[in-house]
Amino acid sequence: MSNTLSGPAAHRTAGSLDGRPVVVFGAYGHTGRFVVAELLRRGATPVLVGRDTGKLDAVRDLAPGAPVRQALPDDAASLDRALEGAAAVINAAGPFLDTARPLVDAALRAGIPYLDVGAEQAVTAALFDTYGDRAREAGIAVVPSLAFYGGLGDLLATAALGDWPDADEITLAYGLDSWHPTQGTRRTGESNAGRHLTYTAGKLSPFSYSQEVSPWTFPEPLGKQDTVVFATADQVTLPRHVRTPEVRAVMNLAPLRDIRAEDTPEPVPADADGRSAQSFLVEAVVTRGHETRRAVAGGRDIYAVTAPLVVEALARILQGDRVVTGVVAVGEAFDAESFLHALMPEHLTRLELPNERS
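Because the structure is a prediction, the values reported are computed rather than measured.

Remarks on the environment of Arg81
Along the chain, Arg81 turns up in helix H3 (residues 76-83). The spacing of Arg81 and Leu351 is 270 residues in sequence and 41 Å in space, taken between C-alpha atoms.

Brief notes about the packing of helix H1 (residues 30-41) against helix H10 (residues 306-318)
Between H1 and H10, the shortest axis-to-axis distance is 8 Å and the interhelical angle comes to 50°. One element, H1, and the other, H10, form an angle in the oblique class. The handedness of the crossing between H1 and H10 comes out as right-handed. Across the interface between the two elements, Thr31, Phe34, Val35, Glu38 and Leu39 of H1 pack against Thr306, Ala307, Pro308, Val310, Val311 and Leu314 of H10. Taken together, the residues of the contact of H1 with H10 break down into 8 nonpolar, 2 polar and 1 charged.

What about the packing of helix H4 (residues 96-110) against helix H5 (residues 121-138)?
Packing of H4 against H5 leaves a shortest axis separation of 11 Å and a crossing angle of 0°. With respect to their mutual orientation, H4 and H5 come out roughly parallel. Of the residues in H5, those touching H4 at Phe96, Leu97, Ala100, Arg101, Val104, Asp105 and Leu108 are Val123, Ala126, Leu127, Thr130, Tyr131, Arg134, Ala135 and Ala138. Along the lines of polarity and charge, the residues of the contact of H4 with H5 split into 11 nonpolar, 1 polar and 3 charged.

Digging into the sheet that holds strand E17 (residues 326-327)
What the 7 strands build is an open sheet, ordered E4-E3-E2-E5-E6-E7-E17; its pairing is parallel. Looking at strand neighbours, the two that pair on one side only are strand E4 (68-70) and E17, the edges of this open sheet. Note that strand E2 (residues 21-25) and strand E3 (residues 45-50) share 5 bridges and pair parallel. Looking at E3, one finds that Pro21 is bridged to Thr45. Relative to strand E6 (residues 114-116), H10 is tilted by about 165°, and along the sheet it contacts E2, strand E5 (88-91), E6 and strand E7 (141-143).

Some details on the nonpolar core
By size, the foremost hydrophobic cluster in this structure holds 111 residues, and its most contacted members are Leu39 and Phe148. With sequence-adjacent residues up to four places away left out, Leu39 is seen in contact with Leu17, Val22, Val24, Ala44, Pro46, Ile90, Val311 and Leu314. Formed by 8 residues, the second largest nonpolar core is a distinct cluster that contains Ala173, Phe218, Leu281 and Val296.

A word on the side chain of Gln235
Of note, Gln235 is situated in helix H8 (residues 234-237). The class of Gln235 is buried, set by a relative accessible area of 2%. Non-local contacts of Gln235, meaning those with residues more than four positions away in its chain, are made with Gln121, Leu197, Thr198, Tyr199, Leu204, Phe230, Val247, Arg248 and Ala249.

Some details on H10
In this model H10 runs 19 Å from its N-terminal to its C-terminal C-alpha over 13 residues, within 8% of the 18 Å that 1.5 Å per residue would give. Buried residues dominate H10, accounting for 13 of its 13 residues. With its phi angle positive at about 70°, Gly320 sits one or two positions after the end of H10.

A look at the pattern of salt bridges
If the charged atoms of two oppositely charged side chains come close together, the side chains can form a pair. In this structure the tally under the stated criterion is 14 salt bridges. A salt bridge links Arg293 to Asp163, with the shortest nitrogen-to-oxygen separation between them at 3.1 Å. With Arg293 in strand E15 (residues 291-300) and Asp163 in the loop between helix H6 (148-161) and strand E8 (169-176), this pair connects stretches of sequence that are 130 residues apart. Judged by relative accessible area, which is 21%, Arg293 ranks as partly exposed. Across the pair Arg288 and Asp166 runs a salt bridge whose closest N-O atoms are separated by 2.7 Å. Of this pair, Arg288 sits in strand E14 (residues 279-288) while Asp166 is found in the loop between H6 and E8, placing the two residues 122 residues apart along the sequence. A relative accessible area of 29% means that Arg288 is categorised as partly exposed. Of the residues examined, Asp166 reaches a relative accessible area of 24% and is grouped as partly exposed. A single network of salt bridges, built from pairs that share partners, joins Arg42, Glu312 and Arg316.

Quick notes on the side chain of Ser78
Looking at the element boundaries, Ser78 is found in helix H3. Looking at Ser78, the relative accessible area reads 4%, which means it is buried. Among the polar contacts listed, one links the side chain of Ser78 to the backbone oxygen of Asp75, at a separation of 2.7 Å. Contact partners of Ser78, with chain neighbours within four places excluded, come to Gln70, Ala71 and Leu72.

Reading the values: rules and limits
Residues numbered from 1 in each chain as written. Predicted model: local features only at pLDDT ≥ 70, side-chain atom pairs only at ≥ 80, totals over all residues. Heavy atoms only, no water. Helix = DSSP H or I, 4+ residues; strand = E, 2+ residues; numbered from the N terminus. Axes fitted to C-alpha atoms, helices over the stretch in contact; angles between N-to-C directions. Parallel < 35°, antiparallel > 145°, perpendicular 65-115°, else oblique. Left-handed = near helix turned anticlockwise from the far one by under 90°. Contact = heavy atoms within 4.5 Å. Nonpolar A, V, L, I, M, F, W, Y, C, P; charged D, E, K, R; others polar. Pairing = 2+ DSSP bridges. Core = buried A, V, L, I, M, F, W, Y, C linked by side-chain atoms within 4.5 Å. Buried < 20%, exposed > 50% of the residue type's maximum accessible area, 1.4 Å probe, protein only. Expected span 1.5 Å × (residues − 1). Salt bridge = Lys/Arg side-chain N within 4 Å of Asp/Glu carboxyl O. Polar contact = N/O pair within 3.5 Å; in protein donor to acceptor, adjacent residues only side chain to side chain.

Quick look at the structure:
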């Protein structure tokens, strides 16, 4: 099932990116800006790419002197020019329904890794189904859904699984104190209406949101909360490398009320790094027979935490910690515990794994 080979540095935290040029498609978006900042922090040279030249000009201050290139998803030649000389491409431009496939095609033509921060389930499933063989044969890594609603849950569930060869059920519980959506989040929600999926009885099936409420007891400070079932990208990625018939996700009600209200404002920076004051807890619960294992992560700002997730994965690929080819989930590609610890304490303020506390 795996498309990875362990190397001698498989468990080492990735370090500097040594000035390598990395294309950020959608560099001027809310999450894209966090990705650019994290690449700079890790020593990479971001290449600022997007569809709108005016918006690109407006973000030159993010990385003074960085290359700036316009490209359109439906213009293969412009994408090829944008990726020329790059070590990798990170796609931070939604809706990913429009951008993912053209950029994966361009990455394969350029012979470089592709990573994205999408949370669109149908798009992620299509990348696995469409590009798995092509990417593996080309020796290229394609790692989708390296985001809060995807990569983080995949890593936590994989870490909780530990040495178990399979699981009867995986549940991911998302607890947010609020959710101020970006314009990109709202556009993506509109474009993906009716495309939500759930993984049950060993297969992906269409999913419709329900009003049925059930209690979930999160670790403090959230405690007991009413929750409803929720659709997340890790429900697509986890079954690609974990043998389990059920992957479900639930979320507490407060963030859902926020995102469903048309007048909820966009996130507002609350610190010097541009993070909002939003806090989150994610709990992965894995059951096998009569046994249960749990892993918990907490932090601030679901958009900001996406950046270190995708950049840490990129650093591990480029530094050869593991040979990664094909379309792979982050928990399959890397050692989950090592990866999560690499995010502490700058990006995760809380991490609890089976048999340890950090």
